[in-house]
Amino acid sequence: MSPDKKPLPILPSFSRMLRLTRPSREDAMGFVILAGLALLVFRAGEGMVEPLSSLHLEPVTLDPAHLPYYALRTVLRMFAALLASTLFTLIVSTLAARSRRAGQIVVPALDILQSVPILGFLTFTVTFFMNLFPGNVLGAELASIFAIFTSQAWNMAFSFYQSLRNLPGDLEEVCEGFELSPLRRFLRLDLPYATPALVWNAMMSMSGGWFFVVASEAITLGNTTVTLPGIGSYLALAIAHQDFGAVGWAVGMMALVIVAYDQLFFRPIVAWADRFRFEQTAGTEAPQSWVYNLLRRTRVLPLLFVPLGAMLGLLLALEPRRFRRRAAEPRPANAVTERIWQASIWAGVVAALGWIGHYVLTSLGLHDILLAFGYAAITLVRVVVLIVLASAVWVPLGVTIGLRPRLAERVQPVAQFLAAFPANVLFPFAVMGIVRFGLLPDIWLSPLMILGTQWYILFNVIAGASSIPNDLREAASMFCVRGWQWWRQVALPGIFPYYITGALTASGGSWNASIVAEVVTWGSHRLEAHGLGAYIADATTAGHYPQVALGIAVMSLFVLGFNRMVWRPLYAFGERRLRLS
Amino acid sequence: MATIAPAASLPVIPLIKVKGLNHYYGPPPGGHLVLENVDLTLYQNEVVGLLGRSGSGKSTLLRSIAGLIHPRHGTVERVAGPDCPDPSVAMVFQTFALFPWLTVQENVELGLEAQKVPPEERRARALAAIDLIGLDGFENAYPKELSGGMRQRVGLARALVVNPSLLLMDEPFSALDVLTAETLRTDLLDLWSEGRMPIRSILIVTHNIEEAVQMCDRILVFSSNPGRVVAEIRVDIPRPRDRLDPPFRALVDDIYARMTARPDQVQPTRDGVFPGTGIAMVLPRVSTNTLAGLIEEVDGTPFNGKAGMAELAATLNFEVDDLFPMAETLQLLRFAELRGADLLLTPSARRYAQAGVDQRKAMFGEALLAHVPLAGHIRRILDERASHKAPARRFRDELEDHMSEDFADETLRTVTNWGRYAEIFTYHEDDDQFSLDDPQ
């Protein structure tokens, strides 16, 4: 077992850290990076708790000099949301996995929440948070953070829950045999095992979050508009003023920020999380990160984790001396309690249904409902056509790229960057074009829906194509399998499970994007396509809350139905027949 | 008795008492019976082996003693002795069950950590255990950097470091290659004989008969479906034991004979070698290629149609779990007879060995239709129907009336493979249907 790579020095122990040696160059660099980050956080945090009036004193301007500060505020919001999502995930998913009853509620709820169009929520949550902190920026900040949170939390929680349900049985037995306390078990088994999937999901969710940052920083509440300093509101202002230069600055800044947090934050974490991957063999190449390698050489990083470690240590020390649980005796479920529990769940469902029905029907008629379904059908057609078109373009390209490892290595990060890039930033350009050439919005606005989400198809197909085993490809070329036969029998089956994953993500994202893509403005120009997205967006602008609620419900229904009836069966088929392993 | 065998010289003190153990898989009431009425007393200073095939419930028994499973009926009592006030257990796993994100040292310290042993003492004890088991120098390694044998050493050190009274081992060597397994076994036996481990007794689950004879003072043989203790064998061969020693060989043969013998042996070859009767018979997953290979092996020199099971296992490097299902399938198909510890080919099997491909298929098909009721049943239904097609779901449902879902699945898969080979019917995965052989 001799790894080819030069092994990195192992993380220094606490006692070694404190030994007085001359600080190394890495120490200095690490210290500067961390201190800089701390300063930035502090600077941005100051702005978050000012009174609301300060927003009017210092309104967002298009001066590019302010842009870095705006970017900082935006990034802070995103990380606050990420932190909240992580905490939510750890608590809710653990609860759902450990308690059968909690699981009965949490799991379906997460499943549905994943399909709910988040943008539709904004109106409701803003009112709530603004009332929590009247007259302070914090309320609006929290509303914005919550919007980003809703785009991250559900699928992170779902992934964590699934990891916890698939824990390796022998390790669970070890924990039980040694009578590990629940907390210790969580730290030793549950958390490490679920970490790689959680990190990956957090990264994906962070990309998704950008989309909502842009939409959630300039919040309109009836007659008043609260504009939080941030890239999103800068962009909104630039669009309102039809300032191309400013849009360009914002786009550039965003790209910079995405690259920066990818390099400084996610890459190091991915590289670190690799140690938790559950495989016993040292095989595949480990992900690398220069920041991680740098920080590992310093003595600053471990110091940062000392407080966290001490806190956990204290928690563990406070636990009862020995946690005794003799044999996981299957407790005979108390029939009465069980029935009461089931009954209360159903009562809750019926009550909620009744309440929603009452709310919608008192303010809306059957006509509205039919209208919403009609619009949903139009949007559905759009989504399907777009997925087909995007697949027709990206599948052949993705396969071509994926089969060339060198090329794939270069294209893959670009595709992932494009998926992270908020496509709504580019909408104004489309509006310009449509207005200039007098095109039909119903058709030409549609591509905007998939602008940001098509990349999921591309990078999943690339991943699928690069994982087609070399011997299969050699066999195919040996027997001169070419042309359509090659696609039908080698490439398409090889990428199928990957493609389905990508297409599923792309279609879900497109539904969500329809809310901003079916109504687009550029200065005084306003273009609108018919569809459920436009229906929700219009209702939001007009403040018709029942219609917003109806629109969200119908859209969730369509997304959920589409997932259940189309993607899941396809996915199951791929897993059963076409998984190459 | 040799001088170093600990069992001989010491008084008999019970350590664990298992009484009237019954366990079922599946939710109560009902379920599939896996352990039936098991009584067992483990004494101090002995190595006891649980020998049986998969599905005989030996792992379930081990986990009941470990406290990981709570059996439906019966008790497991840990008997406190004068010098052993609170008997404890620790377990070594077939899959090693190491935490890949913890180093060797951290893995070993896990149990001590749970007991809240102070860090300094924890470290010292872990180092001592690592040292004892021959892993010094690897303290900082992660499991993925170690070979299989080294990983199992970590598993052993982790179990020993908590000072258990009883060491439970669940097929600890079966995931290792032959040489590594032998080294590890010898090392473990040396430590045991020299009394260098803190444990009082060892309970080891295995399906390797030679391993059981080599290691144990006492062997409990389990029958399968449901698991029951069918024999208890004392091993009085002095240690260290030599596999080529005539008494060793004799005992191995004896155990093979006991394992082939049925408790209710009325007819020499009856249908019921596998649990269940008629179409409800649970069929093991044995491929037609291995069956053909086994027939050829026994038909050729040096066996000439009659082979001792132990010899066969040694020649082909098979364990009980591999060999018995094959031999019994041959017996079911009337291609062989199990007599004592010997496998005898029938005349039809010897003809089969000499036949060509098509003839072999025909012979196999005939045997299948005549002696495997499920195969006959499927064929009959297909013949009766005008379309010559039948959904597999229907047979699966029928089987599930008599056995668990997993067994039903495996049985159907086995009969599908046999039927396909014999070309008496075929199966289409796409629409989950059986049909008469009609290659499109």
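None of these values were measured; they are calculated from a predicted model. (Residues numbered from 1 in each chain as written. Chains lettered and ligands numbered in written order. Predicted model: local features only at pLDDT ≥ 70, side-chain atom pairs only at ≥ 80, totals over all residues.)

Trainee: How do you make sense of the overall build of chain A when you look at a structure like this?
Mentor: When its secondary structure is counted, chain A shows 24 helices and four strands. Buried residues in chain A amount to 37% of all 581 residues. (Helix = DSSP H or I, 4+ residues; strand = E, 2+ residues; numbered from the N terminus. Buried ≥ 20, exposed ≤ 12 C-beta atoms within 10 Å, placed from the backbone.)

Trainee: What exactly am I supposed to notice about the packing of helix 7 (residues 137-165) of chain A against helix 9 (residues 182-216) of chain A here?
Mentor: Angle between the axes and distance between the axes are the two parameters that describe a pair of packed helices. Residue and element names in this part refer to chain A. Here helix 7 crosses helix 9 at 155°, and the two axes come no closer than 8 Å. For the element pair helix 7 / helix 9, the angle class is roughly antiparallel. In this structure, helix 7 crosses over helix 9, and the sense of that crossing is right-handed. Of the residues belonging to the contact of helix 7 with helix 9, the class tally is 13 nonpolar, eleven polar and one charged. (Axes fitted to C-alpha atoms, helices over the stretch in contact; angles between N-to-C directions. Parallel < 35°, antiparallel > 145°, perpendicular 65-115°, else oblique. Left-handed = near helix turned anticlockwise from the far one by under 90°. Nonpolar A, V, L, I, M, F, W, Y, C, P; charged D, E, K, R; others polar.)

Trainee: Honestly, the domain arrangement of chain B in this entry has me stumped. Any pointers?
Mentor: Accessible area lost upon the coming together of the parts is a frequently used measure of interface size. Residue and element names in this part refer to chain B. Annotation of chain B at the domain level lists domain 1 (6-258) and domain 2 (288-435). Placing a centre on the C-alpha atoms of domain 1 and another on those of domain 2 gives a separation of 35 Å. Here the element with the most residues in the side of domain 1 that touches domain 2 is helix 8 (residues 246-260); it accounts for four residues. The residue inventory of the side of domain 1 that touches domain 2, partitioned by class, reads five nonpolar, four polar and two charged. (Domains from an automatic or database assignment.)

Trainee: What am I meant to see in the sheet that holds strand 13 (residues 389-391) of chain B here?
Mentor: Strand pairing in a sheet is mediated by backbone hydrogen bonds. Such pairs are either parallel or antiparallel. All names here are of chain B. Within the open sheet, the three strands sit side by side as 13-15-14. Their pairing is antiparallel. Strand pairing shows two members of the sheet lacking a second neighbour, strand 13 and strand 14 (426-428), which therefore form its edges. Geometrically, the sheet is characterised by an average inter-axis angle of 30° between neighbouring strands, direction not taken into account. Looking at chain direction, strand 13 and strand 15 (residues 433-435) are connected through three bridges and run antiparallel. (Pairing = 2+ DSSP bridges.)

Trainee: I'm lost on the environment of B:T95 in this one. Help?
Mentor: On the secondary structure map, B:T95 appears in the loop between strand 5 (89-92) and helix 3 (104-114). Accessibility expressed as a C-beta count within 10 Å gives 18 for B:T95, which makes it partly exposed. Taking the C-alpha atoms as reference, B:T95 lies 9.0 Å from B:S174; in sequence the two are 79 residues apart. Among residues more than four places away in sequence, those in contact with B:T95 are A:D170 and B:A175. (Contact = placed C-beta atoms within 7 Å.)

Trainee: Is there a simple way to think about the pairing of strand 6 (residues 166-170) of chain B in this case?
Mentor: The two faces of a sheet get side chains in turn, since along a regular strand they alternate between them. Residue and element names in this part refer to chain B. Burial analysis of strand 6 places five of its five residues in the buried class, the great majority of the element. Because side chains alternate across strand 6, one face comprises the buried residues L166, L168 and D170, and the other comprises L167 and M169, equally buried. Judged from the four bridges that link them, strand 5 and strand 6 form a sheet pairing that is parallel. Pairing of A90 across the sheet is with L167, part of strand 6. In the sheet, strand 6 pairs with strand 7 (residues 201-206) via five bridges, with the strands oriented parallel. Residue pairing across strands places D170 opposite V205, the latter belonging to strand 7. Once you follow strand 6 into helix 6 (residues 178-193) and on to strand 7, the crossover reads as right-handed. (Right-handed = clockwise from strand over helix to strand, strands pointing away.)

Trainee: What is the right way to look at the nonpolar core in this model?
Mentor: Where a protein is soluble and globular, its nonpolar side chains tend to be buried together. Counting residues in each nonpolar core, the largest one holds 253 residues, and the members touching the most others are A:L235, A:V461, B:A157, B:L168 and B:L203. Residues within four places of B:L203 in sequence aside, it is in contact with B:L42, B:V48, B:L50, B:L62, B:I65, B:L166 and B:L168. (Core = buried A, V, L, I, M, F, W, Y, C linked by C-beta atoms within 7 Å.)

Trainee: Help me understand the sheet that holds strand 2 (residues 32-43) of chain B in this model?
Mentor: All names here are of chain B. Pairing in this open sheet of three strands is antiparallel, and the strands run 2-1-4 from one edge to the other. With partners counted over all chains shown, the strands left at the sheet margins are strand 2 and strand 4 (73-78), one partner each. Across the sheet, the axes of successive neighbouring strands diverge by a mean angle of 15°, strand direction being ignored. Bridging between strand 1 (residues 14-25) and strand 2 involves eight bridges; their strand directions are antiparallel.

Trainee: Can you help me understand the environment of B:E319 in this one?
Mentor: Residues and elements named next belong to chain B. With respect to the secondary-structure elements, E319 resides in the loop between helix 10 (309-316) and helix 11 (320-332). According to the C-beta neighbour criterion, E319 is partly exposed, with 17 such atoms within 10 Å. Spatially, the C-alpha atoms of E319 and S174 are 9.4 Å apart, while their sequence positions differ by 145 residues. Dropping the residues within four chain positions of it, E319 is found in contact with H207, N208 and A313.

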